[in-house]
Amino acid sequence: EANNGKGAAANPNARTIEILEQMGRYYDRVQDHWRTLAYRRAITSLKRETRKITTKEEAVLLPFIGERLAAKIEEIVWTNRLRRLENAQLDPTDRILQLFLGIYSVGFAQASRWVRQGYRTLADLLHRAPLTTNQRIGIAHYDDFALRIPRNEVTQHGAIVRDALHALDPDFEVVVGGSYRRGALTCGDIDCIITHPTHSLSTIRALVFDTLVPQLFEQGYLRASLAASTSASSTGTKWHGAAALPTSPSGDFVGRQKKLEEGPWRRIDFLLVPQEETGAALIYFTGNDVFNRSIRLLASRKGMRLNQHGLFRDIMRGPGRVKVTDGILVEGRDERRIFEVLGVPWREPEERIC
Ligand code: DCP
Ligand code: MG
Ligand code: MN
């Protein structure tokens, strides 16, 4: 098949092609002829390209590349790997790997190490593997964390956090971001974006880490701390943990013994944001992740850089496009203004689903 006489190495999509070729070889081995052919055709299309294909949207415009393959191309470009391929390479332990990957805080490296070491079930891990506290919590609450949270419950969690913060200082602002802000009916976790009109980040950090979190633990609402920067660290802006709503006394017990039953443990994140970064943080923590990648790519095409702290211009880059300076802040505070500067029509959070 034609590739204009150029080797794959000369092609800007060389890495993508290399991984797609491995995936294609896997389908060949397992005699999935249809997919083997589909991969060959897609690779041929990519080899004809002279520019780097970085997004699903770009990829899907090429001949013989459908939605699913386009998504894989984007995954390779942005993560330098293809999870499906890594799973396939571990076949037939794929199912166990998937099980272990479902443990909160466990990534591919850890999950595949356990598979290689011969662990086959969550009980194996609990009884025989050396585990960190967080891994233990992730396994003990595996089923809880796999559940989606109904929207109205997320609203209640947001209110608990907001009320507790307002008791400390009525000017605190709490926005529940992530899928909730996008209007989802169920959410994977509760993303609380916490900001204050006048407090510096270090003041916000001290109040959240040293007062809010201990209080919410005391109150029985917070159950575990899973990833947190401490107030001592100067850069920490997040707290990840687990929380559970108390439920009302179960009817069965009324009149005999009043027992508070707790609902499932939920994953909750506190994201601390100084006022001047609110707009950029809202964009980042509202997502979704694919929308974030495309708006950041758009910013970079316009010579700017968008991250969770702000929209910047005139970033100095040295050899190999290595960033030398952060550039000049164009806008950080105002979410709408960031869209305006980028020349993108405003999109309501509900419309930021790619
Ligand atoms: N985010 C991102 N890239 C990542 C992870 C997160 O851009 N790799 C941003 C976009 C997400 C937001 O952070 O919308 C919150 O992350 P979550 O993992 O909580 O994802 P969502 O809230 O979107 O979905 P879920 O309902 O699964 O929590
Ligand atoms: Mg979320
Ligand atoms: Mn989250």
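Going by the structure above, here's the rest.
All of the points below concern the structure found in this document. Computed from a prediction, not measured in an experiment: that's the story for all the values here. The numbers attached to residues start from 1 for each chain and follow its sequence in the written order. Chains carry letters from A onward and ligands carry numbers from 1 onward, assigned in written order. It should be noted that, the model being predicted, local features are given only for residues of pLDDT at least 70 and side-chain atom pairs only at 80 or more, the latter also being counted only at that level, while totals for whole chains, interfaces and linings use all residues. Side-chain figures throughout are based on the complete set of non-hydrogen atoms in the structure, without hydrogens or water.

1. Here's the deal with the environment of L272
Secondary structure elements are defined from DSSP: runs of H or I of at least 4 residues count as helices, runs of E of at least 2 residues count as strands, and each element is numbered from the N terminus. Its place among the elements puts L272 in strand β7 (residues 266-272). In this structure the C-alpha to C-alpha distance between L272 and V208, which are 64 residues apart in sequence, comes to 8.4 Å.

2. Here we look at the coordination of the manganese ion (ligand 3)
Protein ligation of the manganese ion (ligand 3) involves D189 (OD), D191 (OD) and D269 (OD), the donor distances falling in the range 2.0 to 2.4 Å. Any N, O or S atom lying within 2.8 Å of the metal counts as a donor, with the limit raised to 3.2 Å for Na, K and Ca; because water is left out of the atom set, some sites can appear incomplete. Considered as a linear motif, the donors of the manganese ion (ligand 3) on their single chain read D-x1-D-x77-D. The distance between the manganese ion (ligand 3) and the magnesium ion (ligand 2) is 3.6 Å, with D189 acting as a donor to both metals. With D189 in the loop between β3 (186-187) and β4 (190-195) and D269 in strand β7, the pair connects residues that are 80 residues apart, well separated along the chain. Residue D189 shares its accessibility class with D269, and that shared class is buried. Note on exposure labels: buried denotes an accessible area under 20% of the residue type's maximum, exposed denotes more than 50%, and partly exposed covers the range between, all computed with a 1.4 Å probe on protein chains only.

3. Overview of the site of ligand 1
To be near a molecule or strand, a residue needs just one of its heavy atoms within 4 Å of it. Taken together, 16 residues form the shell around ligand 1, and within it S179, R182, G188, D189 and N292 come nearest. What qualifies as a polar contact is a pair of N or O atoms within 3.5 Å, subject to a donor-acceptor requirement within protein and to the restriction that residues adjacent in sequence count only when both atoms come from side chains. At a separation of 2.8 Å, an oxygen atom of ligand 1 approaches a polar side-chain atom of D189. For the accessible areas, the method is Shrake-Rupley and the probe is 1.4 Å, while residue cover comes only from the protein chains on display. Contact with the protein chains removes 65% of the 550 Å² of surface that ligand 1 exposes when unbound. Of all the secondary structure elements, the ones that give two or more residues to the shell around ligand 1 are α12 (178-181), α14 (278-286) and α15 (289-301).

4. A look at the packing of aromatic side chains
Working definition: a ring pair exists when centres of Phe, Tyr or Trp rings (six-membered ring for Trp) sit within 6.5 Å. Plane angles under 30 degrees give stacked, over 60 give edge-to-face, the rest tilted. Counted under the stated rule, the structure contains 9 aromatic pairs. One aromatic cluster is present, built from ring pairs that chain together Y26, Y27 and Y39. Above the ring of W346, the side-chain terminus of R352 is found at 5.0 Å from the ring centroid. For a ring to carry a charge above it, either NZ of a lysine or CZ of an arginine must fall within 6 Å of the ring centroid while also lying within 35 degrees of the normal to the ring plane.

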